[in-house]
Protein chains: 2
Amino acid sequence: MKGKETKIILTEKEMPTSWYNVLADLPKPLPPILHPATKEPTILPPPLFPSGIRDQEFSTERYIEIPEEVLDIYKLWRPTPLIRAYRLEKALDTPAKIFYKYEGVSPAGSHKLNTAVAQAYYAKKDGIKRFTTETGAGQWGSALSLGCAFFGLECKVYMVKVSYYQKPYRRILMETWGAQCVPSPSPDTEIGRKILAEDPNSPGSLGIAISEAIEDAFKRDDTYYSIGSVINSVLLHQTIIGQEAKKQMEKAGYYPDIIVGCIGGGSNFAGMFLPFVKDKLNGKKPNLRIINVEPTACPSVTKGLYTWDYGDVAGLAPIIKMYTLGHTFMPPGIHAGGLRYHGMAPIICHLHRLGYVEAKAVPQVATFQAGVQFARAEGIVPAPEPNHAIRVAIDEALACRESGESKTILIALSGHGHFDLAAYDEYLTGKLQDYVYPEEKVKEALAHLPKVDYVEA
Amino acid sequence: MKGKETKIILTEKEMPTSWYNVLADLPKPLPPILHPATKEPTILPPPLFPSGIRDQEFSTERYIEIPEEVLDIYKLWRPTPLIRAYRLEKALDTPAKIFYKYEGVSPAGSHKLNTAVAQAYYAKKDGIKRFTTETGAGQWGSALSLGCAFFGLECKVYMVKVSYYQKPYRRILMETWGAQCVPSPSPDTEIGRKILAEDPNSPGSLGIAISEAIEDAFKRDDTYYSIGSVINSVLLHQTIIGQEAKKQMEKAGYYPDIIVGCIGGGSNFAGMFLPFVKDKLNGKKPNLRIINVEPTACPSVTKGLYTWDYGDVAGLAPIIKMYTLGHTFMPPGIHAGGLRYHGMAPIICHLHRLGYVEAKAVPQVATFQAGVQFARAEGIVPAPEPNHAIRVAIDEALACRESGESKTILIALSGHGHFDLAAYDEYLTGKLQDYVYPEEKVKEALAHLPKVDYVEA
């Protein structure tokens, strides 16, 4: 590594000025989303979403211009660095070449800010004053809080009650950026009051928080509802990651053999791989491997069904064709909170179904072992979510050591773990546990799928 | 700000390859350090410090080459960005041009890693296997832990007991990087055992932790002791910050009118301003203002005496000519733990004495008000220490609004506040308090200065 370039950087002038829309290049169109009540094809509901977002959701324009106001804010931390993991390669004694694209330099600490800024911009443009959203561990809530701060919007975050009290730092971060954050269930909504009346000690859930955020936004003309992953437009906003990475890999003189990332809702990794999958869709790079990594505790793609299911736990959100463990499935309490989703972004599911991407599930303890090895070699302490990607990358690099192959591996390092150190403590003190795949619970949840008569053309 | 460059970046090839040593350019030599027992001029004691560090401490070479192994590690996060605070300028409605140099992109979250990596390199070169150090809030301990991880050295950190239990995240960070961190006083040293025998519930102090770390290093042939600020060589290592900033300001097309930074031990801000003070020492930029900002609760330069005093609380460290509040002075518990030092780096004191730099003290609540305003405009949540610099920068920018002047202000933003959010919570909920200058306590401490007969030539 002596004297060689470690970071491959881009200037602001080299930053992509459009998002890449894979819908323009799919060999078979994406299934529609269905209205949760009528179960007929529908759009994102106008009273909840900015017009700019609704326009993007099903657009088939290949490139969608990034508004200059959004680009100007991206420039506070973008382009993000692509880093050659020379020190990790050496620690693994592998001939593989490992690169990681690091989104943790964003002030919110992850890729989430890419879409938060865009959504806040489009809301502001519509003359809206306020956003609501839900958050589990707080990653998304804090990103949206900052996005709203940049555009002078109010922001109210319904945070799952148990996390609200367990993770006060994420809540304080939101408040520092000017947002209001309340534990959910809250007395601020009808559904919150109803649940509190039944059980004043309810720990809350993401499903409840979503319902509260949607109810709040429905009731006020000045308010939109924001979602941080899964839907097409959110994945679109994240494609700035992969477009930058592609330019950077070109500068480094390599094209990846393997791209690896973690998937929860799917937006970070799709943002990374979509600009590369284009090269598979058009036949230029048929051998490129794109590996979606999920936790064995919540293995939507590797163990779920590809079918119609509600996007949310309560059945208020549209019905999506996706790999799902059943919308009522409650995943075990792994530390990678961002990966605890019963379904998966429809775009990822569609590409998986068509054979363009693959999936792997890894157990929790092994992901932290990988994260600690990464931290001691490269310095950065990754969030529990990208530790899943690092685990698979290390395994692939070790396979190269055996085979003598010098593959090029690109990791989507979605964020830092500064707010997840309690999880590292559990790992380091031997208290961290693995969860077996909850087969019975999934079976039960899959018995509650919605009945859908819609047939694709 | 539309379309204009926000970040001024340097490539790895543009990164400085030498540290700048101001000792070569001082109009009057720096006073020596005195042995704590003999009170005669001395050097850094060989059994405690790497030979490379001892050589640098009093060198008068103007530029000291950065070893390639150190540069290779710096490249993991350096050069750090210089950012034009367009959004803060707009929020303040000021004609001033504000720039900040951001060291928070380092994996340890602050500038401290610049010297930690260098010290670990020189220790490894001497064939030493292990480092000890003390840490208060944990900023320095975590930086040294990572520095040691990079070079495969063991690291033992004595962390002030009250902080050890109050700030577990910093402790976990050290352990993630492979260091051992124990609450001080500990049963692992004679002085620790002695204090625990007298008071098993002793909350510890930085003075005790220093004594334990030094005792440990003295006793073992394979171990050095490391210090994270104050001494000349540590300031030297930090000059990479200012050298980069100078190149970046040049690229931006501006030379600062005012450079502002916080001072605790002084290494971060000296690292920033020393390459600029060179232009004052040689008469090229006589009007450049360099403002050292300290807390009103611990105002070493603005209220202290310029005299001989021990570097540490216990009187084990060398005696230094510096601005001091007395080595027995215990500063109030402000959140900017890194600024709670009774003295100041001798280089800064000397330059202040000679009139090349100035100093200001600011109260705690106003620094957090500035930090929150900064976070909402620029995204980054700063550590409590650099909030002191941001306070003064904002005041200067507001003065420009009054006067109509368009001054160029450069802020040393030494690190992020991800581990300091409890302090932000206190501020946001109105619980944060200011401390009046503890005049009586300083008076008492100043009565315990060492008696020194040494007279400078």
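So, here is what we can say about the structure in this document. Keep in mind that what you see is a predicted model, and the values were worked out from it rather than measured.

1. Topic: the overall build of chain A
(1) Moving on: Across its full length, chain A holds 17 helices and 17 strands.
(2) Moving on: Whereas a compact globule of 457 residues would reach a radius of gyration of roughly 23 Å, chain A reaches 21 Å, a difference of no more than 12%.
(3) Moving on: Its C-alpha atoms give chain A principal-axis dimensions of roughly 60 × 50 × 45 Å.
(4) Moving on: Each of the 457 residues in chain A was classed as buried or not, and the buried ones make up 65%.
(5) Moving on: Looking at chain A alone, contacts between residues at least 24 apart form 76% of all its contacts between residues at least 6 apart.
(6) Moving on: Within the structure as shown, chain A displays about 15900 Å² of accessible surface, and the carbon and sulfur contribution to it stands at 51%.
(7) Moving on: Counting 50 positive and 51 negative side-chain charges, chain A places the averaged centre of each group 4 Å from the other.

2. Section: the sheet that holds strand β7 (residues 97-102) of chain A
All names here are of chain A.
(1) Moving on: Pairing is mixed across the open sheet formed by seven strands, whose spatial order is β1-β6-β7-β17-β12-β13-β16. Each edge of the open sheet carries a strand with a single partner, namely β1 (7-8) and β16 (358-362).
(2) Moving on: In this structure, strand β12 (residues 258-262) lies alongside strand β13 (residues 289-295), joined through five bridges in parallel fashion. Its bridge partner being in β13, Cys262 is matched across the sheet by Val293.
(3) Moving on: Its contacts with the sheet put helix α15 (residues 384-403) on β7, β12, β13, β16 and β17 (408-413), and the angle it makes with β17 is roughly 170°.

3. Notes on the relation of the copies chain A and chain B
Mapping between the two copies of the chain is achieved by a rotation about an axis and a shift along the axis.
(1) Moving on: Overlaying chain A with chain B gives an RMSD of 0.0 Å, the required rotation being 180° about an axis along which the chain moves by 0.0 Å. Within this description, the copies of the chain are treated as partners about a two-fold rotation axis.
(2) Moving on: Mapped onto chain B, 100% of the interface residues of chain A again fall at the interface, so both copies present the same surface.

4. Points about the side chain of Gln139 of chain A
All names here are of chain A.
(1) Moving on: Topologically, Gln139 is positioned in helix α5 (residues 139-151).
(2) Moving on: A polar atom in the side chain of Gln139 sits 2.8 Å from the side chain of Arg170.
(3) Moving on: Residues within four places of Gln139 in sequence aside, it is in contact with Gly109, Ser110, Lys112 and Arg170.

5. Some words on the interface of chain A and chain B
(1) Moving on: Taken together, the contact between chain A and chain B spans 51 residues of the former and 51 residues of the latter.
(2) Moving on: Together, the buried faces of chain A and chain B total about 4400 Å²; carbon and sulfur atoms form 58% of this surface.
(3) Moving on: If you look at where chain A meets chain B, you find four salt bridges.
(4) Moving on: Between Asp425 of chain B and Arg171 of chain A there is a salt bridge, and its shortest N-O distance comes to 3.1 Å.
(5) Moving on: For the interface between chain A and chain B, the tally reads 21 residue pairs in polar contact (both at pLDDT 80 or more).
(6) Moving on: Where the side of chain A that touches chain B is concerned, the elements lending two or more residues are α2 (68-74), α5, α7 (168-176), α14 (364-378) and α16 (421-428) of chain A.

6. Points about the sheet that holds strand β6 (residues 82-84) of chain B
Sheets are built from strands paired through backbone hydrogen bonds, the pairs being either parallel or antiparallel.
Residues and elements named next belong to chain B.
(1) Moving on: The strand order β1-β6-β7-β17-β12-β13-β16 describes an open sheet built from seven strands, whose pairing is mixed. At either end of the open sheet lies a strand with only one pairing partner, and these are β1 (7-8) and β16 (358-362).
(2) Moving on: The pairing of strand β13 (residues 289-295) with β16 spans five bridges and is classified as parallel. Each bridged residue has a counterpart across the sheet, and for Val293 the counterpart in β16 is Lys360.
(3) Moving on: Sheet contacts for helix α15 (residues 384-403): β7 (97-102), β12 (258-262), β13, β16 and β17 (408-413); angle to β17, the most-contacted strand, approximately 170°.

7. A look at the nonpolar core
(1) Moving on: Judged by nonpolar contacts, the single largest core of 137 residues is most densely connected at Trp19, Tyr74, Phe273, Val277 and Leu351 of chain A together with Tyr100 of chain B.
(2) Moving on: Apart from the residues within four sequence positions on either side, Leu351 of chain A is in contact with Leu26, Phe273, Leu274, Val277, Leu281, Tyr356 and Val357 of chain A.
(3) Moving on: Counting residues in hydrophobic clusters, the runner-up holds 136 residues, among them Ile64, Phe131, Tyr306 and Tyr341 of chain B.

8. Things to note about helix α4 (residues 113-125) of chain B
All names here are of chain B.
(1) Moving on: The end-to-end C-alpha separation of α4 is 18 Å, in line with the 18 Å expected for 13 residues at 1.5 Å each.
(2) Moving on: In terms of residue burial, α4 counts as a mostly covered element, since eleven of its 13 residues are buried.
(3) Moving on: Leu113, Asn114, Thr115, Ala116, Val117, Ala118, Gln119, Ala120, Tyr121, Tyr122 and Ala123 are the residues of α4 that are buried.
(4) Moving on: Just past α4, the residue Gly127 takes up positive phi, approximately 80°.

9. Regarding unusual backbone geometry
Residues and elements named next belong to chain A.
(1) Moving on: Following Ser184, the chain continues into Pro185 via a peptide bond in cis, with omega recorded as 10°.
(2) Moving on: With respect to the helices and strands, the residue Pro185 is situated in the loop between β10 (180-184) and α8 (190-198).
(3) Moving on: A positive phi angle, close to 60°, is found at Lys39, a residue other than glycine.
(4) Moving on: Structurally, Lys39 is set in the loop between β3 (33-34) and β4 (41-42).

How each quantity is defined
- Residues numbered from 1 in each chain as written.
- Chains lettered and ligands numbered in written order.
- Predicted model: local features only at pLDDT ≥ 70, side-chain atom pairs only at ≥ 80, totals over all residues.
- Heavy atoms only, no water.
- Helix = DSSP H or I, 4+ residues; strand = E, 2+ residues; numbered from the N terminus.
- Rg over C-alpha atoms; globule rule 2.2 N^0.38 Å.
- Buried < 20%, exposed > 50% of the residue type's maximum accessible area, 1.4 Å probe, protein only.
- Contact = heavy atoms within 4.5 Å.
- Areas by Shrake-Rupley, 256 points an atom, 1.4 Å probe, with all protein chains shown as cover.
- Lys, Arg positive; Asp, Glu negative; His and termini not counted.
- Charge placed at Lys NZ, Arg CZ, Asp CG, Glu CD.
- Pairing = 2+ DSSP bridges.
- Axes fitted to C-alpha atoms, helices over the stretch in contact; angles between N-to-C directions.
- Least-squares fit on C-alpha atoms with pLDDT ≥ 70 in both.
- Polar contact = N/O pair within 3.5 Å; in protein donor to acceptor, adjacent residues only side chain to side chain.
- Buried area = accessible area lost by both parts, 1.4 Å probe.
- Salt bridge = Lys/Arg side-chain N within 4 Å of Asp/Glu carboxyl O.
- Core = buried A, V, L, I, M, F, W, Y, C linked by side-chain atoms within 4.5 Å.
- Expected span 1.5 Å × (residues − 1).

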